[in-house]
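# Summary of the model geometry
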Amino acid sequence: MLDRVFLTRVIEPGDETGGRWVRERGAAEVVRRLREGARALPGVSAKRWAGLCARAAAADPRRDLAVARAAGVRFVAPGTAEWPGQLDDLGDARPLGLWVRGGPSLRMWALRSVAVVGARACTEYGAHMATTLAAGLAERGWVVVSGGAYGVDGAAHRGALGAGGATAAVLACGVDRPYPPGHTGLINRIAEQGLVVGELPPGDHPTPSRFILRNRVIAALTRGTVVVEAAHRSGSLVTARAAQRLGRHTMGVPGPATSALSAGVHELLRGDAVLVGDAAEVVELVGDMGELSPERRGPVLPTDLLEPRTRHVLAALPARGTVTATEAARRAQTTGDDAIARLYELRALGYVERHGDGWKLTRQTMISVRGGRGPC
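Residues numbered from 1 in each chain as written. Predicted model: local features only at pLDDT ≥ 70, side-chain atom pairs only at ≥ 80, totals over all residues. Heavy atoms only, no water.

In terms of helices and strands, the protein chain carries 17 helices and 12 strands. For 376 residues, the compact-globule estimate of 2.2 N^0.38 gives 21 Å, and the protein chain sits close to it at 21 Å. Taking all contacts inside the protein chain whose residues are at least 6 apart in sequence as the whole, residues at least 24 apart take part in 71%. Side-chain charges of the protein chain comprise 48 positive and 37 negative groups, with the mean position of each set lying 3 Å from the other. (Helix = DSSP H or I, 4+ residues; strand = E, 2+ residues; numbered from the N terminus. Rg over C-alpha atoms; globule rule 2.2 N^0.38 Å. Contact = heavy atoms within 4.5 Å. Lys, Arg positive; Asp, Glu negative; His and termini not counted. Charge placed at Lys NZ, Arg CZ, Asp CG, Glu CD.)

Summarizing the sequence annotation, UniProt attributes the feature "domain: Smf/DprA SLOG" (unreviewed entry) to residues 75-285 in the numbering used throughout. Regarding residues 75-285, the helix share stands at 38% and the strand share at 18%, and the terminal C-alpha atoms are separated by 33 Å. (UniProt positions renumbered as here; feature names shortened; annotations may be inferred.)

Here we have 9 strands laid out as an open sheet, ordered E1-E2-E6-E5-E4-E3-E7-E8-E9, and mixed in their pairing. With one partner strand each, in any of the chains shown, strand E1 (73-76) and strand E9 (274-275) form the two edges of the open sheet. Pairing analysis gives 3 bridges linking strand E4 (residues 143-146) to strand E5 (residues 167-171), with the strands arranged parallel. Each residue of the ladder has a partner; that of serine 146, found in E5, is alanine 169. On top of the sheet, helix H8 (residues 152-162) reaches strand E3 (113-118), E4, E5 and strand E7 (224-228); it is set at about 140° to E3, its chief contact. Docked against the sheet, helix H10 (residues 208-221) engages E3, E4, E5 and E7, running at close to 150° with respect to E5. (Pairing = 2+ DSSP bridges. Axes fitted to C-alpha atoms, helices over the stretch in contact; angles between N-to-C directions.)

So, on to the environment of valine 31. Secondary-structure assignment places valine 31 in helix H3 (residues 27-36). You can call valine 31 buried: its relative accessible area is 2%. C-alpha of valine 31 to C-alpha of aspartate 3: the two residues are 28 residues apart in sequence and 6.4 Å apart in space. For valine 31, the contacting residues outside a window of four places in its chain are Asp3, Phe6 and Leu7. (Buried < 20%, exposed > 50% of the residue type's maximum accessible area, 1.4 Å probe, protein only.)

A few words on the sheet that holds strand E12 (residues 358-361). Spatial ordering of the open sheet is given by E10-E12-E11, a layout of 3 strands whose pairing is antiparallel. A single partner strand is all that each edge strand has here, and the edge strands are strand E10 (323-324) and strand E11 (352-355). In the sheet, E10 pairs with E12 via 2 bridges, with the strands oriented antiparallel. Paired with valine 323 across the strands is tryptophan 359, a residue of E12.

Before going further, it helps to spend a moment on the pairing of E4. Strand residues, when the strand is regular, have side chains that alternate between the two faces of the sheet. A two-sided burial pattern is seen for E4, the buried positions comprising Val143 and Val145 on one face and Val144 and Ser146 on the other. Each parallel crossover has a hand, and for E4 linked through H8 to E5 it is right-handed. (Right-handed = clockwise from strand over helix to strand, strands pointing away.)

Attention now goes to helix H13 (residues 279-286). Along H13, the residues that are buried comprise Ala279, Val282, Val283 and Val286. Looking straight down H13, one finds that the buried residues subtend no more than 95° of arc, so they occupy a single side. Buried residues along H13 sit against E3, helix H7 (124-139), E7 and strand E8 (249-253). Two to three positions downstream of the cap, the backbone nitrogen of alanine 280 sits 3.2 Å from a side-chain oxygen, assigning the N-cap of H13 to aspartate 278. (Arc of directions from axis to C-beta. Polar contact = N/O pair within 3.5 Å; in protein donor to acceptor, adjacent residues only side chain to side chain.)

Residue proline 180 follows tyrosine 179 across a cis peptide bond; omega there is 0°. Inspection of the secondary structure assignment puts proline 180 in the loop between E5 and helix H9 (184-193). In the Ramachandran plot, glutamate 229 falls in the positive-phi region, its phi being about 65° despite a non-glycine side chain. Mapped onto the fold, glutamate 229 is located in the loop between E7 and helix H11 (235-245). One non-glycine residue, glutamine 333, lies in positive phi territory at about 60°. Its place among the elements puts glutamine 333 in the loop between helix H15 (325-332) and helix H16 (336-349).

Bringing the environment of proline 13 into the picture now. Within the secondary structure, proline 13 is located in the loop between helix H1 (2-10) and helix H2 (16-25). Proline 13 sits in the buried class, given a relative accessible area of 10%. Sequence separation between proline 13 and alanine 93 is 80 residues; the distance between their C-alpha atoms is 7.7 Å. The contacts of proline 13, once residues within four sequence positions are left out, are Glu199, Leu200, Leu213 and Arg216.

As a further point, take the pattern of salt bridges. The tally for this structure, following the rule as stated, stands at 20 salt bridges. Between arginine 9 and aspartate 64 there is a salt bridge, and its shortest N-O distance comes to 2.6 Å. Of this pair, arginine 9 sits in helix H1 while aspartate 64 sits in helix H5 (residues 61-70), placing them 55 residues apart in sequence. On the basis of relative accessibility, which here comes to 21%, the residue arginine 9 falls in the partly exposed class. As a salt-bridge pair, glutamate 36 and arginine 32 come within 2.6 Å of each other at their nearest N and O atoms. Of this pair, glutamate 36 and arginine 32 both sit in helix H3, 4 residues apart, which is roughly one turn of the helix. With a relative accessible area of 37%, arginine 32 lands in the partly exposed category. Within this structure, Arg9, Glu12, Arg55, Asp64, Asp204 and Arg210 form a network of salt bridges that share partners. (Salt bridge = Lys/Arg side-chain N within 4 Å of Asp/Glu carboxyl O.)

Once that is clear, we can look at the packing of aromatic side chains. Under the criterion given, the structure shown has 5 aromatic pairs. Residues tryptophan 109 and tyrosine 344 carry aromatic rings whose centres are separated by 6.2 Å and whose planes lie at 65° to one another, so their mutual orientation is edge-to-face. You can see tryptophan 109 sitting in helix H6 (residues 106-110) and its partner tyrosine 344 sitting in helix H16, a full 235 residues away along the chain. Each member of the pair, tryptophan 109 together with tyrosine 344, is buried. The interplanar angle of 45° and the centroid separation of 5.8 Å between the aromatic rings of tyrosine 179 and phenylalanine 211 together place this pair among those described as tilted. Here tyrosine 179 is found in the loop between E5 and H9, whereas its partner phenylalanine 211 is found in helix H10, with 32 residues between them in sequence. For tyrosine 179, a relative accessible area of 36% corresponds to the partly exposed category. (Phe/Tyr/Trp six-rings, centres within 6.5 Å; stacked < 30°, edge-to-face > 60°.)

Shown next as structure tokens:
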């Protein structure tokens, strides 16, 4: 893992040449060659190799990990238990690893996630649609993923949080440095109740190219992407097109034919994107994916695979009826944010389901209870 931490400081996100080096030679060998600064690896000019070696000379992965730990940030590498396997669909453009801030499991949350993206300078209509879509998705047990930016992104995050649901922000900078600065409070709240994710090491800053490359992670991480308002050159269209290339569902919310901020969405809808107007229509589309469909839940997994604190939250749910997340937190002797995070994890595993403001055991879990095999 230390080698991959080192490489996040040296190789830019989405660099397919660097990704190919790691795939073909292994991270340790790439780190060794960069530190030696001798013969260049194939596929780069001498000038670019010199720049990479200069970065390598300044890299200190142990320091980065120490700074991350102090900020409550962990590093998740490919092949580890928390790594979302769908990111592997990016091939050599796959992240070298992800820096994650927040308590929930990234892998479990990504199982039932939808991206809601769109214009930064959105209209009141765009903000309203993003908020209501995100709230509806959260109420249906889906994690809302966006980029933490102004406009549609912020509205989507707030909609999910306002519904007491789950949301994750994928940043184009170090996750210990909320960006944009005006969203510091929002991103800190997301980190407390959900997840903040990024490819760049602590303290690193965003650039225009990093915003564009960040969008491929949003597309790959989620089951589908919804675009709410986007001009012809909007970065959110990059997310949608990446989703299409990856075989993910792509959706658009229509707007006035005269609105330049809806022109990019309408262009998507003239292609392979599907028109959606509310959360139910989004779930109807993304929910038709095997065991993730709301109508076809998979079997309950053995509870001994759960972390002890997650089992405590599961045990807080009654055999009949529903309880609020606040009541579950009280019974499990934990915080409200922790209870919500673990309830969504249990939802992804098929143990519980959400009904309005309440949570209850699924039918499969109830069968286990009746059969004398309690949920925990």
